[in-house]
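Report on the structure
So the chains spell out like this:
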Amino acid sequence: MAAQPVPVPPPLSHGMEIEYKAFARAYAGGGATLSLIATCYYPSSGFTIFFQGDPAPTQFQLLETPPQGIVMELVTYYMANWTTDQRLEQPPTHVKITDASGEHRVKVEHWR
């Protein structure tokens, strides 16, 4: 029996000029949701970028899915977003996001 191929995880994003924003949006009754946003560009079309949480609740990775097949050689801009699905009693003041250029400490801003 042939061995099954080992799944290859998506690589860290190699996007150009990546910028991050993080927000805590408070709700009546207490608690807040955490939202992350990343923007960047690639020299061609067809990429997908997305956040993945690490085991630590304040650490994330920005990953990419490279294009497959024919792509346009045209600078293309991308955005990824992520939001907690439950309220947090104490949202963090900072998060760490890792991409292909290293680790970034991002301050969590108030939504308003």
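What to know about the pairing of strand 6 (residues 94-99)
- Burial along strand 6 is one-sided: Val95, Ile97 and Asp99 are buried, while His94, Lys96 and Thr98, pointing the other way, are not.
- Sheet topology places strand 6 next to strand 7 (residues 102-110); 6 bridges connect them, and they run antiparallel. The residue bridging Val95 from the neighbouring strand is Val106, located in strand 7.
- Connecting strand 6 to the antiparallel partner strand 7 that follows it, the hairpin turn spans 2 residues.

Some remarks on the packing of aromatic side chains
- For the coordinates displayed, the defined rule picks out 7 aromatic pairs.
- Aromatic pair Tyr42 and Tyr78: ring centres 5.3 Å apart, planes at 85°, arrangement edge-to-face. With Tyr42 in strand 2 (residues 32-42) and Tyr78 in strand 5 (residues 76-83), this residue pair connects regions lying 36 residues apart in the sequence.
- Counting every residue linked through ring pairs, the aromatic cluster contains Tyr42, Phe47 and Tyr78.
- Lying over the aromatic face of Tyr27, Arg25 brings its terminal NZ or CZ to 4.0 Å of the ring centre.

Scoring rules and cut-offs
- Residues numbered from 1 in each chain as written.
- Predicted model: local features only at pLDDT ≥ 70, side-chain atom pairs only at ≥ 80, totals over all residues.
- Heavy atoms only, no water.
- Buried < 20%, exposed > 50% of the residue type's maximum accessible area, 1.4 Å probe, protein only.
- Helix = DSSP H or I, 4+ residues; strand = E, 2+ residues; numbered from the N terminus.
- Pairing = 2+ DSSP bridges.
- Phe/Tyr/Trp six-rings, centres within 6.5 Å; stacked < 30°, edge-to-face > 60°.
- Lys NZ or Arg CZ within 6 Å of the ring centre and 35° of its normal.

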